[in-house]
Amino acid sequence: MYLIILGPPGAGKGTQSVLVAEKLGLKHLSTGEILRKAVTEGTELGLKAKEVMDAGNLVSDDIMIGIIKEAISAEDARKGFILDGFPRTLQQAVQLDKIMESLGYDGLKVINITLDDNELIRRMLGRGRKDDSEETIKNRLKVYCEQTAPVREHYKQNTAVFDIYGIGTVNEINSRILEVLGK
Ligand code: ADP
């Protein structure tokens, strides 16, 4: 099974994708985690990504597509994966379609977590990550509306997209996701 989890920053994509990956035996790939690790380790990627992330902007499509292409081509992703934080732009989605096709992966499903802005802001302020300052949060929401929201419309055209309401306990939301996946 090949899954994408979409939704605004603070929607709980990380929490839910870890649970779904465990329950369904999928490889969990979080671009945010990959980037934060690179920043901590001070790699070339980390040095490039740090300021962009701290401002709440997006790392370039070329870099992100390269990372994902390598990750999903790996043996441990072949049997199934859940992408968390990717694709975040239309260009990333179009390139992902091509990569999946070249690898012979089909049957992609998209989980889209929906939540209102006030709840998102409240959650992110409570989380206290470095990119969770008030100013950066506002920018991340703006970037989401402008660049990531169109990704859902792209998949709506020919992929199964399941909208999941993101208010409730972690377990409730997880049950909603497993139910739409028929698990
Ligand atoms: P959240 O889910 O709260 O938005 P993430 O951990 O997914 O946070 O991402 C944190 C930051 O990492 C983003 O604001 C962005 O700067 C960068 N990032 C993560 N994924 C991508 C991507 N696919 N394309 C570009 N930038 C990305």
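You'll find the structure just up there.
The model shown is predicted, which means the values in this text are computed figures rather than measured ones. (Residues numbered from 1 in each chain as written. Predicted model: local features only at pLDDT ≥ 70, side-chain atom pairs only at ≥ 80, totals over all residues. Heavy atoms only, no water.)

(A) The arrangement of the pairing of strand E3 (residues 81-84) in detail. Of the two faces of E3, both are covered, the one formed by Phe81 and Leu83 as well as the one formed by Ile82 and Asp84. Inspection of the sheet shows strand E1 (residues 2-6) paired to E3 by 4 bridges, in the parallel sense. Looking at E3, one finds that Ile4 is bridged to Leu83. Bridge analysis of strand E2 (residues 27-30) against E3 gives 4 bridges, and the strand direction is parallel. By the bridge assignment, Ser30 is partnered in E3 with Asp84. (Buried < 20%, exposed > 50% of the residue type's maximum accessible area, 1.4 Å probe, protein only. Helix = DSSP H or I, 4+ residues; strand = E, 2+ residues; numbered from the N terminus. Pairing = 2+ DSSP bridges.)

(B) Here's a closer look at the side chain of Arg140. Position of Arg140 among the secondary structure elements: in helix H8 (residues 134-158). When its relative accessible area of 10% is taken as the criterion, Arg140 is described as buried. There is a polar contact of 2.8 Å between the side chain of Arg140 and the side chain of Asp132. Not counting chain neighbours up to four residues away, the residues in contact with Arg140 comprise Pro9, Gly56, Met124, Arg127, Arg129, Asp131 and Asp132. (Polar contact = N/O pair within 3.5 Å; in protein donor to acceptor, adjacent residues only side chain to side chain. Contact = heavy atoms within 4.5 Å.)

None of this, on its own, says anything about what the molecule does.
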